[in-house]
Structure formats: structure tokens, C-alpha cells
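In case you want the letters, here they are:
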Amino acid sequence: MYPLGFHPVRTMFLADGRTVAPRISRLEAGVKYYFVDYGISSYFPPGSQRELVLGIAGRDQGVPELSNSVSYDPFKVDIFTIGNVIRGEFQAVGFPSHPS
């Protein structure tokens, strides 16, 4: 993490392109992660009953439930999608498989 920012091309340097940018680890910075849907979510007010929805919009097109004609539970789609994100991150770093 770069508390003072960094140069847009020479990312190891500050905006002047000459001074080395100080860095701190993600643990020290206290990074927060947010899942953002960019307006394609279904909103259910607190205390209301969750409903089934229709639609095929979504970043993860591998979700089997997505349909314009068969209703599905959007919560289950969220869980599936988050699982795919986590699986992809583990596969990207070569996470060891479960021991036999």
C-alpha cells in the first residue's frame, strides 16, 4: 500500500517519478474489501421476506440459476459467485490441494 500515492507509470515512485514511494503492508494499512454490484442487485428492505427474482445480468455468467424465465433465489447466486471468486484466488496462487 502506498500512503503517499505513487506515479501512474513508475509505481515504485511518488508522483515526481524520482522519489521512492514509501510502502506499508496490507496488514499495517488495515485494508477493507467490498463486493460491489454496480446496480444489478435485488434489494430487500430489513425485515421483509426475501423473494425469488428473474434476470441474467451478472459478472459471473457461470451461475446455473440465472434465467429470464425461471425464478431463482438471489442469495444463493451471491454465495455461488463469492465462492467462485475465492476459488479463483486460491487457484491463481497455486493453493495446495487437500491432502489425501
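As the structure is a computational prediction, the values presented were derived from the model and not from experiment. (Residues numbered from 1 in each chain as written. Predicted model: local features only at pLDDT ≥ 70, side-chain atom pairs only at ≥ 80, totals over all residues. Heavy atoms only, no water.)

Looking now at the packing of aromatic side chains. For the structure shown, the criterion picks out one aromatic pair. Pairing Tyr2 with Phe6 gives two aromatic rings, centres 5.1 Å apart and planes at 55°, and the pair type is tilted. According to the relative accessible area criterion, Tyr2 is partly exposed, its value standing at 26%. A cation over an aromatic ring shows up here: Arg10 above the ring of Phe13, its NZ or CZ 4.2 Å from the ring centre. (Phe/Tyr/Trp six-rings, centres within 6.5 Å; stacked < 30°, edge-to-face > 60°. Buried < 20%, exposed > 50% of the residue type's maximum accessible area, 1.4 Å probe, protein only. Lys NZ or Arg CZ within 6 Å of the ring centre and 35° of its normal.)

Between the first and last C-alpha of helix 2 (residues 74-92) there are 27 Å, a value that for 19 residues agrees with the 27 Å anticipated at 1.5 Å per step. Of the residues flanking the start of helix 2, the one acting as N-cap is Asp73, its side-chain oxygen 2.9 Å from the backbone nitrogen of Phe75. (Helix = DSSP H or I, 4+ residues; strand = E, 2+ residues; numbered from the N terminus. Expected span 1.5 Å × (residues − 1). Polar contact = N/O pair within 3.5 Å; in protein donor to acceptor, adjacent residues only side chain to side chain.)

For the rest of this paragraph, the subject is the pattern of salt bridges. Applying the stated criterion across every chain, the model contains one salt bridge. Residues Asp73 and Arg50 are paired through a salt bridge, measuring 3.2 Å at the closest nitrogen-oxygen approach. One end of the pair, Asp73, is in the loop between strand 2 (67-72) and helix 2; the other, Arg50, is in the loop between helix 1 (26-29) and strand 1 (53-55), with 23 residues separating them in the sequence. Using a relative accessible area of 16% as the deciding quantity, one classes Asp73 as buried. (Salt bridge = Lys/Arg side-chain N within 4 Å of Asp/Glu carboxyl O.)

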